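Each chain is listed here by its residues.
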Amino acid sequence: MFHPTRFHALAPLAAALLGLAAFGAQAQSVTSIVVAFPPGGPADSLARVVATQLEKELKQTVVIENKPGGNGAIAASQVARARPDGQTLFLSSVGAISINPALYPKLIYDPAKDFAPVSLLVSTPEVLVVGPDSASKTAKDFVAHAKSAKGATMASSGVGSMPHMAIVQLKLSTKANILHVPYKGAAPAITDTIGGQVDGFIGDISGLMSNIKANKVKALAIAAPKRSPLLPDVPTFDELGVPNVYANNWYGLYAPKKTPADKVAALNAAVRKVLASPELKAYAESSGVELSPTTPKEFDDLGRKDAKKWGDLIRAEGIKADE
């Protein structure tokens, strides 16, 4: 039989239990950062240092999910299908957002329709390196070698990667005889550059600094408008009379498209605090990246601008994904 008195007496207990359940659910909330690259590389290292600090701001666990493959397409498609609750984020380089649409005719996701930009994280210019035994002591030597009858071989981390885009820019600017040799990732490309199997490699400063410091590769030129503070003696291509070689490989965070605007704003605010932390500043100083917080709109504008820049280059040169 129903007893109103007993029901009212139990109501506070029921409310307390519901409150504890809600608190427990909140306490157990986990934010996933899906990374389009394998463990151990510069993107993964960035994701992990960001995740550690983001946990403090969000007051919840932040985990990393490495989903390499398809020049970022595998990770992108996973996040595009995720629940738009702010608990799943996509850490992407410029490739999956601004290069893939022109490279893959039948892309399984649409950067403009599937993602809500949160914030740019870092920017990292590309640097030209050669192996320790290379006859090219300067970038001018390398260009002269590339213009010879023999020509030069240059490795990239894959067709459509930022290193590939920089190689295309260098080839167009110098009219040199450069053979592009795509690898499946930066690590094997760097290994073969060190071993002399290829003449050179252009890659992220952040992914090459340890080898540069260990004298396993020699840095010859920066693909940016200004020199890097970490490599103050390495000239830009502009300084060498080689114009229009600007390759900036940025990394940033995206949420699924229908994530509420207030969630995106809260994530943006948290990311800004993370990028201002001593830990991120130390990471930037050691790796050579530039911390680059933005508003969601500023980040969206950058993605669209680069999509036109790299898309125009890909179409003009007839670059295909299966090259």
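Everything quoted here is computed from the prediction, not taken from an experiment.

1. Structural notes on the pairing of strand 6 (residues 178–182)
In step 1: Two strands pair when backbone bridges link them, and strand 5 (residues 152–156) and strand 6 are joined in this way by 5 bridges, in the parallel orientation. Note that in strand 6 the partner of Thr153 across the bridge is Leu179.
In step 2: Each parallel crossover has a hand, and the one from strand 5 via helix 7 (residues 162–174) to strand 6 is right-handed.

2. Quick word on unusual backbone geometry
In step 1: In this model, Lys175 sits at a positive phi of 60°, which is unusual for a non-glycine residue.
In step 2: As for its placement among the helices and strands, Lys175 is situated in the loop between helix 7 and strand 6.
In step 3: With relative accessibility at 69%, the residue Lys175 sits in the exposed group.
In step 4: Not every positive phi belongs to a glycine, and Asn215 is a case in point at roughly 60°.
In step 5: Exposure remark for Asn215: the relative accessible area of 61% places this residue in the exposed category.

3. Quick word on the packing of aromatic side chains
Given two aromatic rings, their pairing is described by the distance between the two centres and the angle made by the two planes.
In step 1: Under the criterion given, the structure shown has 6 aromatic pairs.
In step 2: With 5.5 Å between their ring centres and 35° between their planes, Phe90 and Phe115 make a pair best called tilted. Of this pair, Phe90 sits in strand 3 (residues 88–93) while Phe115 sits in strand 4 (residues 115–130); the two residues are 25 residues apart in sequence, bridging distant segments of the chain.
In step 3: Residue Phe90 is classed as buried on the basis of its relative accessible area, which comes to 0%.
In step 4: What links up through ring pairs into an aromatic cluster is the set Phe90, Tyr109, Phe115, Trp250, Tyr254 and Phe299.

4. Remarks on the packing of helix 7 against helix 12 (residues 296–317)
In step 1: The contact between helix 7 and helix 12 brings their axes to 11 Å, and the two run at 65°. Crossing of helix 7 over helix 12 shows left-handed handedness. Residues Met162, Met165, Val168, Gln169 and Leu172 of helix 7 touch helix 12, and the partners they reach there are Lys309, Trp310, Leu313, Ile314 and Glu317.

5. Describing the confidence of the model for the chain
In step 1: Residues with a pLDDT of 70 or more make up 91% of the chain, whose mean pLDDT is 90.
In step 2: Low confidence marks residues 13–27, where pLDDT is under 50. Its contacts with residues over four positions away, or in another chain, come to 0 contacts.

6. Structural notes on the nonpolar core
In step 1: By size, the foremost hydrophobic cluster in this structure holds 46 residues, and its most contacted members are Phe90, Phe115, Met154, Met165, Leu170 and Phe237.
In step 2: Sorting elements by how many residues they give to this core places helix 7 first, with 6 residues.
In step 3: Core analysis: the second largest hydrophobic core is formed by 28 residues, Val50, Ile64, Tyr251 and Leu280 among them.

7. Points about empty space enclosed by the protein
In step 1: This model, assessed by the stated rule, comprises 1 cavity of 30 Å³ or more.
In step 2: In this structure, the largest cavity spans a volume of roughly 30 Å³.
In step 3: The wall of the largest cavity is formed by Ala36, Phe37, Asn71, Gly72, Ser92, Ser93, Gly95 and Ala96.
In step 4: Partitioning the lining of the largest cavity into residue classes produces 3 nonpolar, 5 polar and no charged.

8. Quick look at the pattern of salt bridges
In step 1: For the structure shown, the criterion picks out 6 salt bridges.
In step 2: Glu239 is paired through a salt bridge with Arg227; the nearest N and O atoms lie 2.8 Å apart. Here Arg227 lies in the loop between strand 8 (218–223) and strand 9 (248–256) and Glu239 lies in the loop between strand 8 and strand 9, a separation of 12 residues in the sequence.
In step 3: For Arg227, a relative accessible area of 35% gives the class partly exposed.
In step 4: Overlapping salt bridges, with partners in common, bring together Lys308, Asp312 and Arg315 in one network.

9. Remarks on the environment of Ala270
In step 1: Residue placement: Ala270 occurs in helix 10 (residues 261–275).
In step 2: Considered as a pair, Ala270 and Gln53 are 217 residues apart in the sequence and their alpha carbons are 9.3 Å apart.
In step 3: Other than its neighbours up to four places away in sequence, Ala270 contacts Leu54, Glu57 and Leu58.

10. Looking at the side chain of Ser161
In step 1: Relative to the elements of secondary structure, Ser161 occurs in the loop between strand 5 and helix 7.
In step 2: We classify Ser161 as buried; its relative accessible area is 8%.
In step 3: A distance of 3.3 Å separates polar atoms of two side chains, one belonging to Ser161 and the other to Ser157.

Rules behind the numbers
Residues numbered from 1 in each chain as written. Predicted model: local features only at pLDDT ≥ 70, side-chain atom pairs only at ≥ 80, totals over all residues. Heavy atoms only, no water. Pairing = 2+ DSSP bridges. Helix = DSSP H or I, 4+ residues; strand = E, 2+ residues; numbered from the N terminus. Right-handed = clockwise from strand over helix to strand, strands pointing away. Buried < 20%, exposed > 50% of the residue type's maximum accessible area, 1.4 Å probe, protein only. Phe/Tyr/Trp six-rings, centres within 6.5 Å; stacked < 30°, edge-to-face > 60°. Axes fitted to C-alpha atoms, helices over the stretch in contact; angles between N-to-C directions. Left-handed = near helix turned anticlockwise from the far one by under 90°. Contact = heavy atoms within 4.5 Å. pLDDT = per-residue confidence, 0-100. Core = buried A, V, L, I, M, F, W, Y, C linked by side-chain atoms within 4.5 Å. 1 Å grid on protein atoms, 1.4 Å probe; cavity = no way out; pocket = protein on both sides within 12 Å on 5 of 7 lines; lining within 4 Å. Points joined across faces, edges and corners; volume = space filled by probe spheres on them. Nonpolar A, V, L, I, M, F, W, Y, C, P; charged D, E, K, R; others polar. Salt bridge = Lys/Arg side-chain N within 4 Å of Asp/Glu carboxyl O. Polar contact = N/O pair within 3.5 Å; in protein donor to acceptor, adjacent residues only side chain to side chain.

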